[in-house]
Each structure stands twice: as C-alpha cells, then as structure tokens.
Amino acid sequence: MQRVPLVDYLVLDDEPHLVAAECTGCGARYFDRRSACARCSGLAFRPVDVPTEGVLTTFTIVQFAAQGVEVPFVAGVVDCAGTSVKGNVVNTPPDPEHVTLGMRVRLTTVPVGTDASGVEAVGYGFEPVSDRADEHDH
Amino acid sequence: MAEDVWILGIDMTRFGRHRERDPLDLGAEAALGALRDAGVGMGDIGVLAAGNLIGGNGFGQLLQKQIGQTGIPVYNVANACATGATALRVVVMAIKSGEVDTGLAVGVEKLSGAGLLTGNARREEGGHWVRDGRYGAVAPLDGRVGTETMPGVFAQIGMEYGYRHGGVDFELFARISEKNHAHSTLNPKAAYQKRFTLDEIMNDVMIAYPNTRPMCSANCDGAAAAVLVSETKLRTLSLEQQRRAVKISASVLTSDPWQEACQVLPDINTLTRQAAATAYEQAGIGPGDLDLVELHDCFATAELVHYDNLGLCEPGGAADFFRSGATWRDGTTPVNVSGGLQSKGHPVSATGIANVWEVATHLRGEAGDRQIEGARVGLAHVIGLGSACGVHVLEKSAA
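This one's a predicted model, so the numbers in the text were calculated from it and none came from an experiment.

Cut-off values and rules
Along every chain, residues carry numbers that run from 1 in the direction the sequence is written. Chain letters and ligand numbers both follow the written order, the letters beginning at A and the numbers at 1. Local features are withheld for residues below a pLDDT of 70 in this predicted model, meaning they are given only at 70 or higher, and side-chain atom pairs are given and counted only at 80 or more; totals for whole chains, interfaces and linings count all residues. Only hydrogens and water are set aside; all other atoms, that is, all heavy atoms of the structure, feed into the side-chain values. Strands are runs of DSSP state E lasting at least 2 residues, helices are runs of H or I lasting at least 4, and numbering of each runs from the N terminus. Using C-alpha atoms as the atom set, the radius of gyration is obtained and then compared with a globule rule of 2.2 Å times the number of residues to the power 0.38. Burial status follows relative accessibility: with a 1.4 Å probe on protein chains alone, a residue under 20% of its type maximum counts as buried, one over 50% as exposed, and anything between as partly exposed. By definition, residues are in contact when any of their heavy atoms lie within 4.5 Å. Charge convention: Lys and Arg are scored as positive, Asp and Glu as negative, and His as well as the terminal groups of each chain are ignored. Here the site of a charge means NZ on Lys, CZ on Arg, CG on Asp, or CD on Glu. Any pair of N or O atoms that falls within 3.5 Å is considered a polar contact. Within protein, one atom must be able to donate a hydrogen and the other to accept it, and sequence-neighbouring residues count only if both atoms are side-chain atoms. Only a pair of cysteine sulfur atoms within 2.5 Å qualifies as a disulfide here. The quantity reported as buried area is the accessible area (1.4 Å probe) lost by two parts once they are put together, taken as the sum for both. Salt bridges are defined as contacts in which a side-chain nitrogen from Lys or Arg sits within 4 Å of a carboxyl oxygen from Asp or Glu. Three classes are used, and their members are as follows: Ala, Val, Leu, Ile, Met, Phe, Trp, Tyr, Cys and Pro are nonpolar, Asp, Glu, Lys and Arg are charged, and the others, Gly among them, are polar. Here a strand pair is declared whenever DSSP counts at least two bridges between the two strands.

*Asks:* Could you give an account of the overall build of chain B, naming the residues involved and the relevant values?
*Replies:* A tally of regular secondary structure across chain B gives 13 helices and 11 strands. A globule of 399 residues ought to have a C-alpha radius of gyration of about 21 Å, and chain B, at 21 Å, matches this closely. Over its C-alpha atoms, taken along the principal directions, chain B stretches across nearly 65 × 50 × 40 Å. The 399 residues of chain B split such that 61% are buried. Here the contacts in chain B between residues at least 6 apart in sequence split such that 76% fall between residues at least 24 apart. Computed over 34 positive and 45 negative side-chain charges, the inter-centroid distance for chain B is 3 Å.

*Asks:* An account of the environment of Trp258(B) is needed here, citing residue identities and associated values.
*Replies:* Among the structural elements, Trp258(B) can be located in the loop between strand 8 (246–255) and helix 9 (270–283). For the pair Trp258(B) and Val356(B), spaced 98 residues apart in the sequence, the C-alpha separation amounts to 29 Å. If sequence neighbours within four positions are ignored, Trp258(B) has contacts with Ala28(A), Tyr30(A), Ala38(A), Arg39(A) and Gln263(B). A polar contact is formed between the side chain of Trp258(B) and the side chain of Tyr30(A), at a distance of 3.3 Å.

*Asks:* Talk me through the state of the cysteines; I want residue IDs and the actual numbers.
*Replies:* Residue and element names in this part refer to chain B. Summed over the entire model, instances satisfying the criterion amount to 0 disulfides over all chains. Cysteine 81 provides the cysteine sulfur closest to cysteine 220, a residue in no disulfide bond, and the two sulfurs are 12 Å apart. Since its relative accessible area comes to 2%, cysteine 220 is described here as buried. There is no disulfide at cysteine 389, and the cysteine sulfur nearest it, in cysteine 298, is 12 Å away.

*Asks:* So what about the interface of chain A and chain B? Which residues, and what values?
*Replies:* Chain A puts 54 residues into the contact, and the matching count from chain B is 41 residues. The contact between chain A and chain B buries some 4,100 Å² in all, and 62% of this surface belongs to carbon and sulfur atoms. Considering only the surface of chain A that becomes buried against chain B, Leu6(A), Phe64(A) and Lys86(A) emerge as the three largest contributors, covering 14% of it. Here chain A is connected to chain B by 1 salt bridge. When the shortest N-O distance is used, the salt bridge between Asp8(A) and Arg131(B) registers 2.7 Å. Seen at the junction of chain A and chain B, the total is 18 residue pairs in polar contact (both at pLDDT 80 or more). Secondary-structure elements contributing two or more residues to the side of chain A that touches chain B are strand 1 (3–5), strand 6 (53–62), strand 7 (73–80), strand 8 (83–89), strand 9 (104–114) and strand 10 (120–128) of chain A. It is strand 6 of chain A that provides the largest number of residues to the side of chain A that touches chain B, a total of 8 residues. When grouped by side-chain class, the residues that make up the side of chain A that touches chain B number 29 nonpolar, 17 polar and 8 charged. Bridging between strand 6 of chain A and strand 5 (residues 206–209) of chain B involves 2 bridges; their strand directions are antiparallel. Looking at strand 5 of chain B, one finds that Ile61(A) is bridged to Tyr209(B).

Fair warning: the whole summary comes from geometry, so function is off the table for now.
Spelled out as structure tokens, the structure:
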C-alpha cells in the first residue's frame, strides 16, 4: 500500500525517523520550512537526521480538546540528544502512573488514516522504552 | 532624559457575563470611568491606544464615537493576552517621546461562552491527502502531534519546570489555584468569588493534566482603561489629583528571543525574565521591594514558573517558595490578591490594564476589604502567547 508521511519532517523508510533543517551557520534546528534562521538570520540549511530515542521533558494528558480530536491523549516534548521534538506519547495508558517526567521514549509510527485512493497517511509518536526492549537491543 | 509617566485615572468594569452589553458599552464604561477618576475629559486626551481581539477592526475609532471624537491619533493594538499592556505601553511611549502629555489606553473583550481556546475543530476528512502549510501536513496536527489547546500548552510549561527543578506535582498546582480562588472572595469585581477546597479543585473536571477546570482562567466579559499623564502635566493639576496619581516607574514590553526548544513548546520564561530584569533596573528596585504582584496565572501551572521568572524566589525554588506561604495575601510577597485570572477572569485584551488597576488601587489605599496594608510598590505582569510580555512597576505617590 502506498504511504505518505503526516508531516514533511517524518521519513518513512525501514527505520522511520525525523529530519530537521539545521542552520549551517549556527546549528539551530527547525521542523518547518524557514525563510531564514530565527537565531542568526542565516539563509542556508541542511537536512539532519534526529536521534529516535530521547527523554520526556514535559507532558500533559489532554482530556478536553476541539471537536473531532480523540481524547484522552498524552502530548509532550522529547529531548532527542539535544533536539527538542513535539509529539504524543503512545502505546502506554494515558495516566500519570504510566507517563512520567524523565522517562525514556523512542520514535514509533502511528496510522492516521487512508484516503479515497487507498493511500495511507502515517504519523509518529513516542513510546516508552521498556526494560525488555533494552535487553532485546543489546 | 524622558520624563516620568503617571497614572492619573484608571478603572475596570466588573468582570463576568454582561449579556446585554457589547464591547463598545463595556469599553465606554471603563474609558469614561478612567476619565472621571482622572478628573479630565476627552478634550484633554492627546492619544488613544485600544485593544479588542475578538471584535472587528477599528475598535478604537468605534469607541471614540461613543465617548468623544476629537480627531486625535488612534492606535489599534493586538498582542494576544498582552494586548492591554501593549495599549498602555503605547501611551507611555507617546508621552515619553514628548508628543503628548495625556493619553488614554483601553482594553475590552467579550469572551463569555467562548469555550476552549484552541486550534480549529477538525474538518471532515476523506478525499485525497494534500500537503498543507509549513510542515507539509496532510491532516490537522492538533491531537496528532501534541496539543494546540491552551490548557495543554500551559500544563506542559508547568510540568517542564518540574522536570528541570523537581518538587512539583498535581497537588502543588492545585494549591496555587486554591490560593487564588480564596483571594477572589474579597474582590467584588471578580467573575467568580467562590472559595474551593483542595479536594474540590483536584476532583473537578480534568481539562489537561494537571490543570482541572478551576485551575484554568475564566473566559468572561470585561474592560479596563487608564488615563496617563506626564510628570510636568501632573504638577499643573490639583493636589488631590497629584495625591491619588500612581507613578509608572517601569514599563517594559518584550518578545521571545530564540531558544532551542521555543519552536516546539512556547518559551514564556526567557522573555519574562528579560522584561523583569529591565523593569527592576528602570524602577531602581528589586523583587524584594514589591508589596504585591499581579502575574499572568492564565493556568495554575503558569503561576509557578513566573515566581521564578520574576525573581520572586531563588532560581529553581518556586515550589518551595509557594509552599512557604509567601504568595498568600498575608505572605511576604502577595501574588494575585485580586483572585488572578482563574477567578477574577481573563477577558483577554482587558487583562493587561485590569491587573495594573488592581495594583494601583492598593497603592492608593482604596482596595477595601482586600487592601494590602501599606503597599507602596507593586508589579503587574502579562504574557501573550506567541509571545509578548508586559511588565509594569508602579509606585505610590510621594505627595
């Protein structure tokens, strides 16, 4: 099935990852299209892969949202080795017992839906890195 | 050296639901109240700065048609929740520049029943994926990549403080809300004057953890206005006007400078810190000199971080500072004795003048049951997300 990423900065290859636009002058990173760097006004950017694992530096559990937005969900920010990334925490119950400040998480993909011609849109989220997964990695 | 600017008159409407009154009615009430309080008329006013985000364009001109069309320049300003402070700041700049000696700032909003301020409701999906916007998104991102709701954004701002400094939990934030609701019981202009127990706050409807409903600012209707004058002008006025005048010893507006994570979660800290540092320098005071502070508690989670941003506590020590009782009205640094935005209400464009009204009313010794005795210096702070930060330091008249 044909797939499209939810956002331009998500790359859906064998190892899905995020790509930031890095200012060649000062190293500031952005996920959206920029006219110039907000930090140094530089005009040149290069694509850089963002590490897929990081630490949850803040979160909220949204129970009340705009019409059509499924609740509850966990929104947060993940520090991926120095690059802050916005995203939902997924694959864990949305409560403060399971989602905690400083927990280790990693990027995963999340289905968004399929359009009329059968193209699937795929988004991303961050899931807890469990101890078992750690052992598996080693 | 530009001369000092003083508040000659200031007023706010009661905040709450004003069913029968439109933004012009509310704006006119506040503006006419401020003029009456100042003892001047529209013929004395050299400049008008006006803010109203939800209404149409040209609010200032429409307001003139209700209170006096004198041909003076009108600046219609917009800076999110800092709109009122921005209007005030425009008048301060006009007076400091020497172009006028008297000006009027007005902020008005009708928000009752506006509900959650958030991203747009999701449109019907289907058809074909089309990339849209600067992220090339094929579907709305609210709820898929984080949250665009204000309670959720500010919840993360408070939780991030906890990540960096520790000692922060749901109960701490709820206790901040408990304080502000308790304070509101003494404020007849507050939209809500109901005291809540800690249990009631924690068990109320969860909006975005850790913010329950009473921990969120109240959407409501209201207006506030101020008449400002130059020091030279003030000295030509009556002794009674001089006695009640309140000095604006600092007036600062900042925007957010680049920070690593500010593109991902709004950074309301850096611009507040910079505004506070500049304000203390302008006023020649330190945070220890403040007798009261009205700060932007749009959510309980926001109040905590601003204790630190405004230098009211040791760096990283906001949780301990609050737990010491310092910010209750009988503490060392009373914060939001008006009840704050959580109970007084948050009619966006009025907020940045209404909190100046609160501080000025205490400095004049006219705050009635909630008077902070002997108040001589106070600070008013607002944040408009995006961001803009307004800080005003006020001083009691020496006369």
